[in-house]
Amino acid sequence: MLFRSERAIDMQLALSTLFDNLEFLPWLDPNDITMIGASHGAALGIRLLTDRYKFHLTEKIKMVYALYPGLHPFETDHLTTDGGKLEIHVGELDNWTPAKWCTRLAERTGSKCVVYPGIKHGFSKPNSTGTWPNNPINHLVDFRSEEHTSELQS
């Protein structure tokens, strides 16, 4: 598994390669790069807007749309995010990416956060079984719990 910092560096290299080969991409407007990411990809997009991962092409990123980003409350780098370039989308009942972490980041950075009422994370979909094990921030989603079962039936 790649560490988050390695993924961010990989994206910096990917963007650099893209810009080094613009002649092969005549349809690409190099002055208007929009990034869309989900889960780890969303967190990566946010990370590229932080002070730690700014690089010579950061100003080319016009917007990052982050769908249920893996935000961890102990990561202070996120507080340096350029909020004017960030829009977060998350489910109100998401048990993997708590909406409160997303709204808190949006408030602190001046970014936009759209919270979808009544929506859970994909791991919480009906007919899922077992738990989501070995995750770094203790998200144990017990799909057999009585609480979860009653939520699915309502």
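Conventions and cut-offs
Residues numbered from 1 in each chain as written. Predicted model: local features only at pLDDT ≥ 70, side-chain atom pairs only at ≥ 80, totals over all residues. Heavy atoms only, no water. Core = buried A, V, L, I, M, F, W, Y, C linked by side-chain atoms within 4.5 Å. Buried < 20%, exposed > 50% of the residue type's maximum accessible area, 1.4 Å probe, protein only. Helix = DSSP H or I, 4+ residues; strand = E, 2+ residues; numbered from the N terminus. Contact = heavy atoms within 4.5 Å. Polar contact = N/O pair within 3.5 Å; in protein donor to acceptor, adjacent residues only side chain to side chain.

Asks: Where do I start with the nonpolar core in this structure?
Replies: Grouped burial of nonpolar side chains is what soluble globular proteins tend to show. One finds Ile-61 and Leu-86 to be the most contacted residues of the largest nonpolar core, which totals 24 residues. Secondary structure elements with two or more residues in this core: helix H1 (4–20), strand E1 (33–38), helix H2 (40–47), strand E2 (61–67), strand E3 (86–91) and helix H3 (99–109). Residue contacts for Leu-86: discarding those within four places in its chain leaves Ile-46, Leu-49, Met-63, Val-64, Ala-66, Thr-81, Leu-105, Ser-111 and Lys-112.

Asks: In this structure, what is going on with unusual backbone geometry? I would like to understand it.
Replies: Most peptide bonds take the trans form, and the phi angle of most residues other than glycine is negative. Of note in the backbone geometry, Ser-39 takes a positive phi value of approximately 60° without being a glycine. Its location among the elements puts Ser-39 in the loop between E1 and H2. Look at Ser-39 and you get buried, because its relative accessible area is 17%. The phi dihedral of Tyr-68 is positive, around 40°, even though this residue is not glycine. Mapped onto the elements of the fold, Tyr-68 is located in the loop between E2 and E3. On the basis of relative accessible area, Tyr-68 is assigned to the partly exposed category, the value being 32%.

Asks: I'm lost on the side chain of His-89 in this one. Help?
Replies: Here His-89 lies in strand E3. Side chain to side chain, His-89 and Glu-87 meet in a polar contact 2.7 Å long. Ignoring sequence-local partners within four residues, the contact set of His-89 consists of Tyr-65, Ala-66, Leu-67, Tyr-68, Pro-69, Val-114 and Tyr-116.

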